[in-house]
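Remarks on the overall topology
Below are the chains, spelled out letter by letter.
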Amino acid sequence: PNVRYKLGDRAIQLKRKNTATLKTHQFLFGGRSGDIIHISDSHFSAIKVKDALFKALDESGIDISNEALEIQFMNDRANRKLTLLVSALDSEAMREQIKNQDYETIVNLFTAALITALPMFNTWEANKAYIEKSKYEFTLKIVEKESEEIFRTPLGKTPLIKDQF
């Protein structure tokens with residue numbers, strides 16, 4: 001069978017097969033990760049986007065790394081809106097800090113984080129102009145601890161990304 005791998009697939013490299021009739025690398029499919037943000041035709045690592053956003057916010061004086069309890073990207077693909085939901089220890093104080101950031105600053109932080117999350121060869125096509133052309137809206141929303149706005153699995157786990165179609 002012809003196996004088709006996707007971005008986010010995990011593989012385990014096994015011992016190289018080296019016989020008289022076959023010399024090849026062997027891999028074992030290790031599962032699929034859903035931690036991918038889809039914007040237009042590009043795929044971005046949600047983990048890398050989160051790390052870049054947190055670093056930029058921390059550097060701008062918003063202590064998100066230490067205050068965040070749960071985080072989740074909500075990707076409303078039909079309406080082209082990507083929201084980072086953050087439940088915080090002190091959500092009111094965090095909202096005040098975020099309120100001081102204008103919308104353009106938040107968009108620039110998201111755009112830079114998305115570009116950072118791409119493999120080097122993709123940055124030629126998925127750059128700031130490409131992301132702007134996607135007509136996506138980017139928001140950062142601080143919610144209360146255990147907010148119903150954050151999707152959880154039946155086992156109580158919080159996936160990093162939730163796609164809505």
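Just above sits the structure.
The structure reproduced in this document is the subject of the present report. (Residues numbered from 1 in each chain as written. Predicted model: local features only at pLDDT ≥ 70, side-chain atom pairs only at ≥ 80, totals over all residues. Heavy atoms only, no water.)

Another aspect to go through is the pattern of salt bridges. For the structure on display, the rule yields 10 salt bridges. Between glutamate 59 and lysine 55 there is a salt bridge, with the nearest N and O atoms lying 4.0 Å from each other. Of this pair, glutamate 59 and lysine 55 both sit in helix H1 (residues 46-59), four residues apart, roughly one helical turn. As far as the burial class goes, glutamate 59 and lysine 55 line up, both exposed. Between arginine 95 and glutamate 92 there is a salt bridge, with the nearest N and O atoms lying 3.0 Å from each other. With arginine 95 and glutamate 92 both in helix H3 (residues 91-99) and three residues apart, the pair spans about one turn of that helix. The partly exposed category is assigned to glutamate 92, whose relative accessible area is 46%. Taken together, the salt bridges that share partners define one network made up of Glu92, Arg95 and Glu144. (Salt bridge = Lys/Arg side-chain N within 4 Å of Asp/Glu carboxyl O. Helix = DSSP H or I, 4+ residues; strand = E, 2+ residues; numbered from the N terminus. Buried < 20%, exposed > 50% of the residue type's maximum accessible area, 1.4 Å probe, protein only.)

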